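# Breakdown of the fold
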Amino acid sequence: MPHKSPIIIDLKFIPLEVMQALKGAFSGREVINLADVEHVRRDLRGIDYAVVWKSAPDLFSRAPDLKVVFSGGAGVDHVLTLPGLPDVPLVRFVDRSLTTRMSEWVVMNCLLHLRQHRAYEARAKAHVWEDLSQPEAADVTVGVMGLGVLGQDAIKKLGVLGFRTVGWSRSKKAIDGVETFSGGEGLEAFLGQTDFLVGLLPLTDETRGIFNAGLFSKLSRSGPFGAPVFINGGRGGSQVEADLLAALASGVLRAASLDVFEQEPLSRDSPFWDMENVYVTPHVAASSDVRALFSHVEHQIARFESGQPLEYLVDRSAGY
Ligand SMILES: NC(=O)c1ccc[n+]([C@@H]2O[C@H](COP(=O)([O-])OP(=O)(O)OC[C@H]3O[C@@H](n4cnc5c(N)ncnc54)[C@H](OP(=O)(O)O)[C@@H]3O)[C@@H](O)[C@H]2O)c1
């Protein structure tokens, strides 16, 4: 039997989940889980594969012979910024369960804002029986920035609920029943129609700080709630939090749902925690299912070793 290269696992996930998912994974191959103390000083030279999520900056100097790097998540900004990233294929994680989870989060937040859930929670706490005027989903246009795997699934599911949807991406997309826009030239028209803005963009040089005061001021104010809502499940580096706080305080934005932040974990004294018009979740919109991640990596390694092209390759120059 040909020698199978060991695989390095360097995932800052819940350690027990990684350990359990490793049972039975990568059969016939040595697994070097860097979370195990026994591997702290392990020689990692000559190893072909690594699965990484928020690795230590010395990973690539310790493992200089990697042939493929696998991201533990859909985003790869955490890998592209690691020092010494070798010029080898970088594969991101694309998986049904991850996609579904993100759509659950997006749909849940659109519904929370549509159905004015915070206002009803406050009234319930105060034992106040009061009917608020209730628009329906079809009265609201949800604009999704990022029409990749996640954005397209979210749009599909929002459509099932009756929301009107529009989308924006780098290259023009054709999606049945959805008006789509692309690039800088399409952004203003897209924003002008958008009542609930959903961010599902990767973090790149082009998207860093894209959700800023200028962008918020271009969103539609003619929707049923009179002011737009911002929902970000992409990356915190894409939002300018000083601008976001000001927009939420002044009414430029009515409300927000934030799963991602400029600095994570969000500091305990961040004003976002206490804002009545903000839902905060701790970067859990679409956590990777570790078993699904390992079977995806096994599948890609099998393709690679049999000479088939790898899937879900990252375009290093585009940054995603
Ligand atoms: N919060 C969480 O738990 C969580 C979980 C998973 C992922 N995420 C985030 O979600 C992001 C999206 O994931 P995905 O799988 O949908 O990625 P994807 O399939 O690569 O799609 C990315 C989308 O963003 C668009 N885009 C990229 N740069 C752009 C730019 N400068 N201007 C306009 N559009 C741009 C792309 O345009 P084109 O279609 O033209 O290429 C594409 O439509 C990930 O990168 C990650 O950061 C968050």
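On a predicted model such as this, the values are computed, not experimentally measured, just so you know. (Residues numbered from 1 in each chain as written. Predicted model: local features only at pLDDT ≥ 70, side-chain atom pairs only at ≥ 80, totals over all residues. Heavy atoms only, no water.)

A few words now on the overall build of the chain. In terms of helices and strands, the chain carries 10 helices and 12 strands. Computed over its C-alpha atoms, the radius of gyration of the chain comes to 22 Å, within 12% of the 20 Å expected for a compact globule of 320 residues. Taken along the three principal axes of its C-alpha coordinates, the chain extends 70 × 45 × 35 Å. Partitioning the contacts of the chain with sequence separation of at least 6, the portion at a separation of at least 24 is 61%. Entry remark: accessible area of the chain is about 15,600 Å², with carbon and sulfur atoms responsible for 54%. Taken together, the 32 basic and 39 acidic charged side chains of the chain have centroids lying 3 Å from each other. (Helix = DSSP H or I, 4+ residues; strand = E, 2+ residues; numbered from the N terminus. Rg over C-alpha atoms; globule rule 2.2 N^0.38 Å. Contact = heavy atoms within 4.5 Å. Areas by Shrake-Rupley, 256 points an atom, 1.4 Å probe, with all protein chains shown as cover. Lys, Arg positive; Asp, Glu negative; His and termini not counted. Charge placed at Lys NZ, Arg CZ, Asp CG, Glu CD.)

All told, the structure shown has 13 salt bridges when counted by the stated rule. Across the pair E121 and R118 runs a salt bridge, and its minimum N-O distance is 3.4 Å. You can see E121 and its partner R118 sitting in helix α5 (residues 117-125), 3 residues apart, about one turn around the helix. For R164, the salt bridge identified is with E179, shortest N-O distance 3.4 Å. Placement of R164 in strand β7 (residues 164-169) and of E179 in strand β8 (residues 179-182) is noted, with a sequence separation of 15 residues between them. Taking relative accessible area as the criterion, R164 reaches 34% and is therefore assigned partly exposed. Connected via shared salt-bridge partners are D153, K156 and K157. (Salt bridge = Lys/Arg side-chain N within 4 Å of Asp/Glu carboxyl O. Buried < 20%, exposed > 50% of the residue type's maximum accessible area, 1.4 Å probe, protein only.)

We now examine the site of the ligand. In the region of the ligand, 29 residues are neighbours, and R92, S171, K173, D259 and Y320 sit closest. Within the side chain of R92, an N or O atom sits 2.8 Å from an oxygen atom of the ligand. Its free accessible area being 930 Å², the ligand has 92% of it covered by the protein chains. Listing elements by their share of the shell around the ligand, those giving two or more residues are α4 (96-114), α6 (149-160) and β7. If you count residues domain by domain, the shell around the ligand takes at least three from each of domain 1 (7-95 + 288-305) and domain 2 (97-280). (Near = heavy atom within 4 Å. Polar contact = N/O pair within 3.5 Å; in protein donor to acceptor, adjacent residues only side chain to side chain. Domains from an automatic or database assignment.)

Running from N to C, helix α1 (residues 15-22) and helix α10 (residues 290-305) point in directions that differ by 45°, and their axes come no closer than 9 Å. Between α1 and α10, the crossing angle belongs to the class labelled oblique. Between α1 and α10 lies a crossing whose hand is right-handed. Counting all contacts with α1, which are made through E17, V18, Q20, A21 and L22, the residues of α10 involved are V290, R291 and F294. Looking at the contact of α1 with α10 residue by residue, the classes come out as 5 nonpolar, 1 polar and 2 charged. (Axes fitted to C-alpha atoms, helices over the stretch in contact; angles between N-to-C directions. Parallel < 35°, antiparallel > 145°, perpendicular 65-115°, else oblique. Left-handed = near helix turned anticlockwise from the far one by under 90°. Nonpolar A, V, L, I, M, F, W, Y, C, P; charged D, E, K, R; others polar.)

What follows concerns the sheet that holds strand β1 (residues 7-11). Here 5 strands make up an open sheet; going across it, the order is β2-β1-β3-β4-β5 and the pairing parallel. Of all the strands in the sheet, the pair left with one neighbour each is β2 (31-33) and β5 (90-91). Sheet analysis places strand β4 (residues 68-71) next to β5, joined by 2 bridges and oriented parallel. Bridge pairing in β5 links F70 to V91. (Pairing = 2+ DSSP bridges.)

Here the focus is the domain arrangement of the chain. Domains assigned within the chain are domain 1 (7-95 + 288-305) and domain 2 (97-280). Counting residues at the interface gives 12 residues for domain 1, matched by 8 residues for domain 2. Around 760 Å² of area is buried between domain 1 and domain 2 when both sides are counted, 45% of it from carbon and sulfur atoms. It is D77, D95 and D289 in domain 1 that bury the most area against domain 2; as a group they hold 53% of the surface buried on that side. Where domain 1 touches domain 2, the interface holds 2 salt bridges. In this structure, the salt-bridge partner of D77 is R235, at a minimum N-O distance of 2.9 Å. Residues of the side of domain 1 that touches domain 2, tallied by class, amount to 5 nonpolar, 2 polar and 5 charged. (Buried area = accessible area lost by both parts, 1.4 Å probe.)

The next subject is the side chain of S270. Among the secondary structure elements, S270 is positioned in the loop between β11 (255-258) and β12 (278-280). Looking at S270, its side chain comes within polar contact range of the main-chain nitrogen of F272, at 3.1 Å.

The subject of this paragraph is the nonpolar core. Formed by 50 residues in total, the largest nonpolar core has its most connected members in I9, V106, C110, V142 and F294. No fewer than three residues from each of domain 1 (7-95 + 288-305) and domain 2 (97-280) sit in this core. If you look at the next biggest cluster of nonpolar residues, it comprises 26 residues, including F181, L219, F230 and L266. (Core = buried A, V, L, I, M, F, W, Y, C linked by side-chain atoms within 4.5 Å.)

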